[in-house]
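Residues per chain are reported as follows:
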Amino acid sequence: MRQLYFLFIGILFGIIMFKSEAASWFRIYEMFQFKSFHMYGIIGSALFFGVIIIQVIKRLKLKSAFGETIQIPNKEKSVSRYILGGTLFGLGWGLAGACPGPMFTLIGAGFIPILVVIFFALIGTWVYGLFMNKLPH
Amino acid sequence: MEWIFKPWPWYIGGPLIAFVMFLLLFFGKNFGMSSNLRTLCTICGAGKSTRFFDFDWKTQQWNLLVAFGAIIGGWIGVNWLSDSIAVQLHPDTINQLHQFNIKSAGEAYMPEELFSLQALSNPKVLITLSLGGFLVGFGARYAGGCTSGHAISGLSNLQLVSLYAVIGFFIGGLAMNHFLLPYFF
């Protein structure tokens, strides 16, 4: 039963990604060209509300639907992994025009070639797992 | 209600993404989509090759359901909630893409030159999609998160390292877009 909540949150997320055009290759292209405010508006307004939401949750020590205090983990401290990993991610984002959330949305929207992107994203994830100990973190 | 069937402006989309993040926190989880790629590797048996994938994937079942929901959401978006899906682009963007032979710019949701079944028979397109996917998958795990995990969740939680990751996203994205992309078309 609990699992159904997550399915519905995912459906809502997929609709938002599709309808806000954040899943469109063109929108990502245009964002990196600085020709449209659209994507910056999406990320910026999500952050505006996101910061408020997280501050409220932390200050009021809000509880989750299941009665536990909501935990928001801090990210591991480092610089190199974030800059290097982030740059590689950005190169892929600029090329395939899709990040991991919209990838799923695009399957449902019927853009079959996205399956190639997802398949190779899985390969990329796996190769990272194989070589992670050899990479600077 | 007319607006629902039109493309949603940023001031609808952005706050709704924050709402999705809130819902996941409210149900005791965190917003991060690229973790699903790791979980899918584990389901495919990658735990045998390296310990990074050796974990109980059932603990991530909730996130796979979010991803599965996102697939359904995409289907609903295109079939029930849209009367036209063409993305309205800046005229400069359309001109530029026309120069790259992306003729569908301004008339489609995704470039037909990359995301139609016919396009898949073009080896250049296959290289573009597979290299793009590989870098997204590799980079997201290396950076410990993607757009949802860092640009939304991490920055909302005022994590300095997420800012480094997002700076990386833009270094890579701008380099690809301005210097490398022309070689792929």
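Shown above is the structure to which this text applies.
**Student:** Account for the overall build of chain B, with residues named and values stated.
**Tutor:** A count of helices and strands for chain B gives 8 helices and 0 strands. Along chain B, helices (α) and strands (β) appear in the sequence α-α-α-α-α-α-α-α when read from the amino end. With the principal axes as the frame, chain B shows a C-alpha extent of 45 × 45 × 35 Å. Considering only contacts in chain B between residues 6 or more positions apart, those separated by 24 or more positions represent 42%.

**Student:** Let's hear about the interface of chain B and chain A: which residues, and what values?
**Tutor:** The interface of chain B with chain A comprises 110 residues on the first partner and 102 residues on the second. Contributing elements (two or more residues each) for the side of chain B that touches chain A: α1 (10–26), α2 (35–43), α3 (61–79), α4 (91–99), α5 (112–115), α6 (123–142), α7 (147–156) and α8 (160–180) of chain B. Of the residues assigned to the side of chain B that touches chain A, the class counts are 75 nonpolar, 32 polar and 3 charged.

**Student:** Describe helix α6 (residues 114–131) of chain A, naming the residues involved and giving the relevant values.
**Tutor:** Between the first and last C-alpha of α6(A) there are 26 Å, a value that for 18 residues agrees with the 26 Å anticipated at 1.5 Å per step. If you follow the buried residues of α6(A), they end up packed against α4 (80–96) and α5 (100–108) of chain A together with α2, α5 and α6 of chain B.

**Student:** Explain the environment of Leu91(A) to me, and be specific about the residues and the numbers.
**Tutor:** Checked against the element boundaries, Leu91(A) lands in helix α4. Among all residues touching Leu91(A), those that are not within four sequence positions of it are Leu135(B), Gly172(B), Ala175(B) and Met176(B).

**Student:** Could you give an account of unusual backbone geometry, with specific residues and numbers?
**Tutor:** All names here are of chain A. At Glu21, a residue that is not glycine, the phi angle is positive and equals roughly 70°. Assignment of secondary structure puts Glu21 in the loop between α1 (2–19) and α2 (25–33). Here the phi dihedral of Phe34 falls at roughly 55°; this positive angle occurs in a residue that is not glycine. Turning to its location among the elements, Phe34 is positioned in the loop between α2 and α3 (38–59). For Phe34, a count of 11 C-beta atoms within 10 Å gives the class exposed.

Conventions adopted
Residues numbered from 1 in each chain as written. Chains lettered and ligands numbered in written order. Predicted model: local features only at pLDDT ≥ 70, side-chain atom pairs only at ≥ 80, totals over all residues. Helix = DSSP H or I, 4+ residues; strand = E, 2+ residues; numbered from the N terminus. Contact = placed C-beta atoms within 7 Å. Nonpolar A, V, L, I, M, F, W, Y, C, P; charged D, E, K, R; others polar. Expected span 1.5 Å × (residues − 1). Buried ≥ 20, exposed ≤ 12 C-beta atoms within 10 Å, placed from the backbone.

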